[in-house]
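So the chains spell out like this:
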Amino acid sequence: PVLQPGRELITLPPIVALHTMRSLVHNSITVLLLLLAAGADAGDSCCKKRLQRLIPDAAAVPPDVHDGQPRLVVDPDPANVRPESWDDEDDGPWEPEMVPNPAFAWRPPMVPNPEYTPPTLATELEEEARKAAPWVVLGVGLSALLEAAQLPVEALAGLLRCAGPLGGALLGLATPLCSCGSLPVAAAFVR
């Protein structure tokens, strides 16, 4: 170390140096997790149809009646009446105009998607890591806040031990974290 005139060299006790090193490691991990979370996607893929194992059968023909509901019903439009000039002998039998029935709930059967390729293990792991990264970062950030706030963590941990599983469950309800984010917070209590 270089001493400047008028200043004296201060040496840190080993416990303070250890705490400083631990904080540096925590901050480095937090920055790394934030960088990982930046790449996390929060929406469905644009190629979702290709990823589906089953798709609706495009060749399926709906039945005329399904669950007691006809596929087509008479158009309720008041203008949908037999014209006075209609002659059954010349024009054939008159039939009212039909429209799709909104209560007809038939869905085509699902068939295997010929374009489906199962995801690889690496793809599945990457997808799960992207889903978990924001929650892990939130949990690490929350545990860093707990450490920075200098809360009596030992006292809180003691209260949780006394409260048992019910107290832990109530504390878990108060934190907006999934298991990925609650693990770093729990680790902060254990230390």
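What comes next is a walk through the structure. (Residues numbered from 1 in each chain as written. Predicted model: local features only at pLDDT ≥ 70, side-chain atom pairs only at ≥ 80, totals over all residues. Heavy atoms only, no water.)

## Some points on the overall build of the protein
Looking only at helices and strands, the protein has 6 helices and 6 strands in total. Taken from N to C terminus, the helices and strands of the protein fall in the order α-α-β-β-β-β-α-β-β-α-α-α. Each of the 191 residues in the protein was classed as buried or not, and the buried ones make up 15%. Taking the contacts inside the protein whose residues are at least 6 apart along the sequence as the reference set, 78% of them involve residues at least 24 apart. Split by element, the accessible area of the protein, about 14,900 Å² in all, is 65% carbon and sulfur. (Helix = DSSP H or I, 4+ residues; strand = E, 2+ residues; numbered from the N terminus. Buried < 20%, exposed > 50% of the residue type's maximum accessible area, 1.4 Å probe, protein only. Contact = heavy atoms within 4.5 Å. Areas by Shrake-Rupley, 256 points an atom, 1.4 Å probe, with all protein chains shown as cover.)

## A closer look at the pattern of salt bridges
Enumeration according to the criterion identifies 5 salt bridges in this entry. Notably, a salt bridge pairs arginine 71 with aspartate 64, separated by 3.6 Å at the nearest N-O pair. With its nearest N and O atoms 3.6 Å apart, the salt bridge here joins glutamate 128 to lysine 131. Placement of the pair is glutamate 128 and lysine 131 together in helix α4 (residues 121-148), with a separation of 3 residues, close to one helical turn. Assessed through its relative accessible area of 41%, glutamate 128 is described here as partly exposed. (Salt bridge = Lys/Arg side-chain N within 4 Å of Asp/Glu carboxyl O.)

## Here we look at the environment of glycine 168
Along the chain, the position of glycine 168 falls in helix α5 (residues 153-174). Considered as a pair, glycine 168 and alanine 157 are 11 residues apart in the sequence and their alpha carbons are 9.9 Å apart.

## Topic: unusual backbone geometry
A negative phi angle is the norm for most residues apart from glycine, just as the trans form is the norm for most peptide bonds. Here aspartate 67, not a glycine, exhibits a phi torsion of approximately 55°, which is positive. Note that aspartate 67 resides in the loop between β2 (65-66) and β3 (69-70).

## Quick look at the side chain of asparagine 80
Mapping asparagine 80 onto the fold places it in the loop between β4 (72-74) and α3 (88-91). In terms of polar contacts, asparagine 80 uses its side chain to reach the backbone amide nitrogen of glutamate 97, at 3.0 Å. Leave out the neighbours within four places in its chain, and asparagine 80 touches Val74, Asp75, Trp94, Pro96 and Glu97. (Polar contact = N/O pair within 3.5 Å; in protein donor to acceptor, adjacent residues only side chain to side chain.)

## Focus on α4
Over its 28 residues, α4 extends 39 Å from the first C-alpha to the last, a length consistent with the 40 Å expected when each residue adds 1.5 Å. At alanine 132, α4 is deflected by roughly 35°, the largest bend along its length, and proline proline 134 occurs up to four residues later in sequence. Buried within α4 we find Ala132, Ala133, Val137, Gly139, Val140, Ser143 and Leu146. Positive phi shows up at glutamine 150, right after α4, with a value of about 55°. (Expected span 1.5 Å × (residues − 1). Bend = angle between axes of the 7 residues up to and from the residue.)

## Focus on a nonpolar patch on the surface
A cluster of nonpolar side chains, Leu72, Val74 and Met98, forms an exposed patch at the surface whose accessible area comes to about 240 Å². Secondary-structure assignment places methionine 98 in strand β5 (residues 98-100). (Patch = residues over 30% accessible without salt bridge, like charges linked within 9 Å, V, L, I, M, F, W, Y side chains within 5 Å.)

## Observations regarding the side chain of asparagine 101
Examined against the element boundaries, asparagine 101 turns out to sit in the loop between β5 and β6 (110-112). Taking the relative accessible area as the measure of exposure, asparagine 101 reaches 12% and is therefore buried. When residues no more than four places from it in sequence are discounted, the contact partners of asparagine 101 are Gln69, Pro70, Arg71, Leu72 and Val73.

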